Structure formats: structure tokens, C-alpha cells
Amino acid sequence: MSTESLRKDHHLIEKMLKALDTTAALLKSGKTIPAPILDQMIDFTKNFTLVCHHGKEEDSLFPALEKSGMPREGGPIARMLFEHEVTKQLASKLEESAKIYLQSGRADSLVADIKGYIDHVALHLAKENHRLFMMADMILQGKADQINRDLARSEEEKLKELGKTRSHYEKLVSDIELGLA
Ligand SMILES: [Fe+2]
Ligand SMILES: [Fe+2]
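None of the values given here were measured: they were computed from a predicted structure.

Enquirer: Please explain helix H4 (residues 108-139) as it appears in this structure.
Expert: For an α-helix, 3.6 residues make a turn, and residues three or four places apart therefore share a direction. In this model, H4 (32 residues) spans 45 Å end to end at C-alpha, consistent with the 46 Å of a helix rising 1.5 Å per residue. At Glu128, H4 shows its largest kink, close to 40°. Of the positions making up H4, those classed as buried are Leu110, Asp113, Ile114, Tyr117, Val121, Leu125, Glu128, Leu132, Phe133 and Ala136. Where the residues of H4 are buried, they touch helix H1 (4-28), helix H2 (35-67) and helix H3 (76-104).

Enquirer: Can you walk me through the UniProt feature "domain: Hemerythrin-like" (unreviewed entry) in the chain in this structure?
Expert: UniProt's feature table lists "domain: Hemerythrin-like" (unreviewed entry) at residues 3-136, given in the numbering used throughout. The span residues 3-136 is 87% helical and 0% strand by assignment, and the distance between its end C-alpha atoms comes to 7 Å.

Enquirer: Help me understand the nonpolar core in this model?
Expert: Nonpolar side chains tend toward joint burial in soluble globular proteins. Within the largest apolar cluster, 25 residues are counted, with the highest numbers of intra-cluster contacts made by Met16, Leu20, Met41, Phe44, Ile114 and Tyr117. If you list the elements that add at least two residues to this core, you get H1, H2, H3, H4 and helix H6 (166-180). Each residue touching Ile114, except ones within four places of it in the same chain, is listed here: Leu20, Thr23, Ala24 and Leu94. Formed by twelve residues, the second largest nonpolar core is a distinct cluster that contains Leu6, Met80, Ile147 and Leu151.

Enquirer: Looking at this structure, how should I read the packing of H2 against H3?
Expert: Between two packed helices, both the angle of their axes relative to each other and the distance between the axes serve to describe the pair. Where H2 meets H3, the closest approach of the two axes is 11 Å, and the angle between their N-to-C directions is 170°. Viewed along their axes, H2 and H3 adopt a mutual orientation that is roughly antiparallel. Counting all contacts with H2, which are made through Ala35, Leu38, Ile42, Thr45, Lys46, Leu50, His54, Phe62, Leu65 and Glu66, the residues of H3 involved are Ile77, His84, Thr87, Lys88, Ala91, Leu94, Glu95, Ala98 and Leu102.

Enquirer: I tried to follow the packing of H2 against H6 on my own but got confused; where do I start?
Expert: In the contact formed by H2 and H6, the axes pass within 10 Å of each other and the chain directions differ by 145°. For the pair H2 and H6, the sense of crossing is left-handed. Between H2 and H6, the contacting residues are Ile37, Gln40, Met41, Phe44 and Phe48 on the first element and Tyr169, Leu172, Val173, Ile176 and Gly179 on the second. Considering only residue class, the contact of H2 with H6 consists of eight nonpolar, two polar and no charged.

Enquirer: Explain the environment of Lys115 here, please?
Expert: Within the secondary structure layout, Lys115 lies in helix H4. For Lys115, a count of 14 C-beta atoms within 10 Å translates into the label partly exposed. Separated by 21 residues in the primary sequence, Lys115 and Leu94 have C-alpha atoms spaced 9.6 Å apart.

Enquirer: What's the story with helix H5 (residues 144-162) in this structure? I'm lost.
Expert: Look at H5: 27 Å from first C-alpha to last across 19 residues, which is about the 27 Å you get at 1.5 Å a residue. Buried residues of H5: Ile147, Leu151, Glu155, Lys158 and Leu159, and no others. The arc enclosing the buried residues of H5, seen along the axis, measures out at 95°, which places them on a common side. Residues of H5 that are exposed and point more than 90 degrees away from the buried face comprise Asp145, Arg149, Lys160 and Glu161. Where H5 is buried, its residues meet H1, H2 and H6.

Calculation rules
Residues numbered from 1 in each chain as written. Chains lettered and ligands numbered in written order. Predicted model: local features only at pLDDT ≥ 70, side-chain atom pairs only at ≥ 80, totals over all residues. Helix = DSSP H or I, 4+ residues; strand = E, 2+ residues; numbered from the N terminus. Expected span 1.5 Å × (residues − 1). Bend = angle between axes of the 7 residues up to and from the residue. Buried ≥ 20, exposed ≤ 12 C-beta atoms within 10 Å, placed from the backbone. Contact = placed C-beta atoms within 7 Å. UniProt positions renumbered as here; feature names shortened; annotations may be inferred. Core = buried A, V, L, I, M, F, W, Y, C linked by C-beta atoms within 7 Å. Axes fitted to C-alpha atoms, helices over the stretch in contact; angles between N-to-C directions. Parallel < 35°, antiparallel > 145°, perpendicular 65-115°, else oblique. Left-handed = near helix turned anticlockwise from the far one by under 90°. Nonpolar A, V, L, I, M, F, W, Y, C, P; charged D, E, K, R; others polar. Arc of directions from axis to C-beta.

Here it is in C-alpha cells:
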């Protein structure tokens, strides 16, 4: 399947969305969230999701779909690119409101921005899982090996640039899950 590694990324991103949801609930009930947990969440949203995962989709999957005849403009690719841009803006807002929270202890905007981020990203992942990836798996059926190699190479390059590894981000997510439990 051409989208296997991207679906694996989605699974990890969904775990982070759950952790963010727990964080928002804890903040709302007046609990304090320590800076290292927020910093790790922001690192994940910026680096794993935006740089590594969106990078893999934009550099490998979308071009492969275009080559197979899916238009870049006015179709699902354009829509997904637009949603990646929105994800980026929402991640910046989240980072800003986390800073405000850590400086002032005021959690209102952080709770609202966490919710906004979760709603947008959850919907984006669902659209890709149930529509774009379904189409991709059909359209790219004969090219799955090539696409998987491209995605693996792209992931390795992005993570190397960040000085991180995939197991680092997998551990980061489970540490956060444990830290919030
Ligand atoms: Fe995407
Ligand atoms: Fe995705």
C-alpha cells in the first residue's frame, strides 16, 4: 500500500491529539501543566507534523499523484495543501498561547487554541484517511514499492535535518501519555 507509512504517521499524530485533548481538560479544571510537557507537544506539532509528515506528503505523495494525472489545482491536492497551511498557522497560535500561559498562568487562550488545533487536524487526517489515501492506494497501486521507498527516504532526510529520529518522537508521545495519566 502506497500510504502505509503516512497512515502510521497519522496514528502517532492522533495519539498526540488525544494528549492535547487531555491537556485542555486538565487546564480547564485548574490543573497546572509543566513547561517540559508543553514544550514537547509543541516540538511534535511543529517538527514531526509540519516538517516531517507534511513534508512526506508534499514532496512524495502529492507529486506522485500529479504524475498519475490528478490535477494539482482545484482538486483534493490543492485542498490538502491549503489545510496544511492552516495547520501551520494554528500550530503557531498554539505556541504563542503556550508562552502566554507559561508566563502568566492564564490558560483561556491556550485551551481555545488547543481545541481549534485538534478540530482542524482531526478533520484533515480523516479526510486523508478516508478519501485521498483511498484514491492514492488505487491510483498508485503499481507504484507502491517506489512510493514507499520515496516516503522512507523523505522521512529520513527530514528527521536528519531536525537532528531527531522516529523512535525519539514515538517515545516523546508515550512519555507525554504517561506524564498526563
Ligand atoms: Fe496532510
Ligand atoms: Fe497526513
